[in-house]
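# Observations on the three-dimensional arrangement
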Amino acid sequence: MATPASAATETWKVGSPVVNDTFARTVASGFGTAELGGAYTSPVTTGLAVAGGGSMSFATPGTARQALLSAVQIADVQSTATITVPALPTAGSGLYFGLQARSDGERYYQSTLRVTPDGSVYLGTARVDGSTADQTRLSKEALIASGLQPGQSLQMDLRTRSSATVTIASRAWVVGGAKPSWQRIATDASAQRLQSGGIGVWGYLSSAAAPQGLGISALSAAPVTSTSANPEPEPTTQVPAPTEPTDPEETPAPEPTTPAEPTTPTTPTTPTAPDSQVPSTGRGSAPVGSTSYAIPAKALYVSPGSRAGGSGTLASPYTSLAHAVDRAPSGSTLVLRAGTYRESVVIASSKKLTIQSYPKEAVWLDGSSTVTGWKKSSVGWAVSGWNTGFDTSPTFTKGASDGSAEAIKFINPAYPLAAYPDQVWVDGVAQQQVASEGAVGAGAFFVDRVGKRLILGTDPSGKTVTASKLQTALAVKSVGSVVRGLGVRNYGNSVYQMGAITAQNDAITFENLVVQDNATIGMYAWGTGVTFANITATGNGMMGGGANSADKFTLKNSVISGNNVQNFNRMPVSGGFKITRSRTVAFTDNDFQKNTTVGLWLDESVYNGKVSGNRSIGNGATGIILEISDTFSVTNNVIASNGRYGLWIGNTGNVQVWNNTITGNSMAALQLTQDKRRQTNVNSAGHDRRQPLPDMTVPWIIKNVTVSNNVISGAGGGCLVCVEDQSKEFTAEQMKLTLNGNVYQRASANAPSLAVRWGQGAATAKSFATVAAFTKATGQERRSVLVEGTAVTTAGYQLTPAALVQSALVVVAVPSSIAGLLGLQAGIAPARAGSLLSP
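A brief look at the structure comes next. Values in this document were obtained by computation on a predicted structure and should not be read as measured data.

### Here we look at the nonpolar core
The nonpolar side chains of a soluble globular protein tend to be buried, and buried together. Ranked by internal contacts, the top residues of the largest apolar core, which has 82 residues, are Leu334, Phe532, Phe553 and Phe577. Once residues within four sequence positions are removed from consideration, Leu334 is found in contact with Leu300, Val302, Leu321, Ala324, Val325, Ala328, Leu353, Thr354, Ile355 and Gln356.

The structure is reproduced here in structure tokens:
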């Protein structure tokens, strides 16, 4: 079968061209002969011409154009095309352009660009086996550009290579912009995989659009060869990434006759004011039942039920969400009436929907059901016929056992049933799962998987007993879908399922959702441009939420609190929120509070992140972690009263740490640790496999870290600021660390005993009892103050009046890259150190 794949890890060399065509000739019908590559062949030459560039015209919308260079027969190849879109399509699914490899005219690999009427540009990949009806989609569409203007040009690369399988990689960008990394990568291991063929191009215009065309200004192709000794390494990962969604979706294929209209995702839409309802605090979801979203004229209505019925009108609503999703056309808004929806629903990739609650009505997606039929047993009360069969694997791979190394064991031996998704409540009070029938007592339950019984230790007489029977609430697989204004609770999801509610494609928005009391992970995202806004995620078994391979991801105005109630190990993953292998991400104005382990964790090759305006307070482990990643701004956060470190920076460079209040954490306020992990290590665990190996945008080396205008306070951990290199390779000076303008505070001269520990690579670290000694020896912190004994922050983490005066004397001017994040003017010092957040 054909399966999505992660990015190739080897380095590939592009050879001399076998195709080169600038279309600098005149041909009235067809494309004629390329400058290098031979003559083009086409099923029909109508609509193809060359005059100052190639052109495909569609006088009759709903028709396709195709041209093939069959004289070139090549397997491992990188081909490039440059096209111009003279006008945006007027209607329908869009204007399409395809670049083909290994083509014989009927069977080929094709990477397809789709331009929509609003200027959005999507990229997808397929293998075509002779017709539109016989093709395999190899990767879901990715939104690669928006706001395309008439007359702008797009460039596209397609690479195919093979050994036992064929790897197909593609990328596209607006000409004049930076060339991106590979955006769509898949492998084809099927018996139908293609071995060799020619280079082709193709175009299609939606049948709903007015006639138009597109231009082709360049086409080239060259062989690719591996430059690595072992060209096909498969990286092993510490935490396996979730697989990409693979629900089928047709991509239009070239035909000499009129193809069927493609069913593809439509333009993404994000809710904007006045629709967006934000609670008065600005953080977390509005209470379920309090939002009031505008209802479009053609909205469809839904009420809770278990059977397919209704017509979708206000008077006769659809009687289940699943039925409504099945019946609604793409682009619809589904308005859910009040009630509890005990369903597990998938929104297919071909159907963009908005799902929202009816104004001021409470809507819950609930994975539990009432359990009746209890009979007294030898140790309590039992109900027979219990056959949920939930997978209990503790890792992200279904059926896999826990890791063998301590650093990658998910399960804490003190909580051996953490990954068991079974959940039971008596009158709303959660019961504790135990490992044997003999251990059942009041407040506990046991699942007898062999005898298919559920055994309860609390007398159910006169009480309502509910238990999780469903595992996932909503899997959203369509570009641009929106879910808002409802609650998700009590789903018994296994770890490998990633979340009770998941965003599995691009430009999806979750807004004003309460996600609580689910067995493992509350919510999860993989896809470009996903936004989680005004979310409350609490009481989930393993983690409030997470994301992987989620470029341009945003979490904002949300409350992630009280998660990991099942006490999974801190490593490799648990707590509030963790994101991995993603680029250009933003975490702004969130609360990460009282999670049993880490508050916020950015790990495994995250690149270009903004962490601003957050409060990470009272978590059981570290407040905020930046690990084996690169390029961050950490500004205006309160990181306080956490059970381990405040801010921990490990193997991460190019970090700007400005105006944070880091106080009251059990260990060091600021810890910088370098270890032996490097991108240059073979098969580096944690490498973003969409990027080349090594990916030197994230070398996993601490360098160029600036720490200014912060409050750095604490009593434990041995030092307020601790810098160490466990690999014994770099001194703090070689790491190019800059500290200046900070306010330090400690309980006494001995708590902690060091203001700064300054790593010296293989030599003994330098220890400085005071900031003044640190400044004298290193030249760092020329504007700073150390306060001993007297607190510099209030109970609400604001500076005391005395500390305000002291900090005003030492703060330094902020650079332009930071000023906007703080709401300040570049080159001007703020009025005080520490976070500028209001109490």
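### Some points on the pairing of strand E18 (residues 212-226)
Across three bridges, strand E3 (residues 19-21) lies against E18 in antiparallel orientation. Across the sheet, residue Asp21 finds its bridge partner in E18, namely Leu219. In terms of strand pairing, strand E7 (residues 54-58) meets E18 through five bridges, oriented antiparallel. When the bridges of E18 are listed, Ser57 appears paired with Gly213. Sheet topology places strand E9 (residues 77-84) next to E18; eight bridges connect them, and they run antiparallel. Bridge pairing in E18 links Ser79 to Ala221.

### Observations regarding the packing of aromatic side chains
This model, assessed by the stated rule, comprises 16 aromatic pairs. Between Phe31 and Tyr40, the aromatic rings sit 5.4 Å apart at their centres with planes inclined by 80°, giving edge-to-face as the arrangement. On the accessibility criterion, Phe31 (1% relative accessible area) is buried. Ring pairs connect the aromatic residues Phe510, Phe532, Phe553, Phe577 and Phe587, which therefore count as one cluster. In this structure, Arg489 is placed above the aromatic ring of Trp364, and the distance from its NZ or CZ to the ring centre is 4.2 Å. Positioned above the aromatic ring of Trp601, the side-chain terminus of Lys578 is 3.6 Å from the ring centre.

### Examining the sheet that holds strand E30 (residues 432-433)
Pairing within the open sheet is mixed, and its five strands lie in the order E26-E27-E32-E31-E30. Both edges of this open sheet fall to strand E26 (375-376) and E30, since each of them pairs with a single strand only.

### Some details on helix H2 (residues 771-778)
Since the α-helix packs 3.6 residues into each turn, any two residues three or four apart lie on the same face. Three or more residues of H2 are buried, namely Val771, Phe774 and Thr775. What you see down the axis of H2 is that its buried residues fit within an arc of 100°, all on one side. Looking at H2, the residues exposed on the side facing more than 90 degrees away from the buried face are Ala772, Lys776 and Ala777. Those residues of H2 that are buried lie in contact with strand E59 (737-740), strand E60 (743-746), strand E61 (754-760), strand E62 (763-768) and strand E63 (785-788). Note on H2: the residue one or two positions beyond its end, Gly779, has a positive phi of about 80°.

Definitions and cut-offs
- Residues numbered from 1 in each chain as written.
- Predicted model: local features only at pLDDT ≥ 70, side-chain atom pairs only at ≥ 80, totals over all residues.
- Heavy atoms only, no water.
- Core = buried A, V, L, I, M, F, W, Y, C linked by side-chain atoms within 4.5 Å.
- Buried < 20%, exposed > 50% of the residue type's maximum accessible area, 1.4 Å probe, protein only.
- Contact = heavy atoms within 4.5 Å.
- Pairing = 2+ DSSP bridges.
- Helix = DSSP H or I, 4+ residues; strand = E, 2+ residues; numbered from the N terminus.
- Phe/Tyr/Trp six-rings, centres within 6.5 Å; stacked < 30°, edge-to-face > 60°.
- Lys NZ or Arg CZ within 6 Å of the ring centre and 35° of its normal.
- Arc of directions from axis to C-beta.

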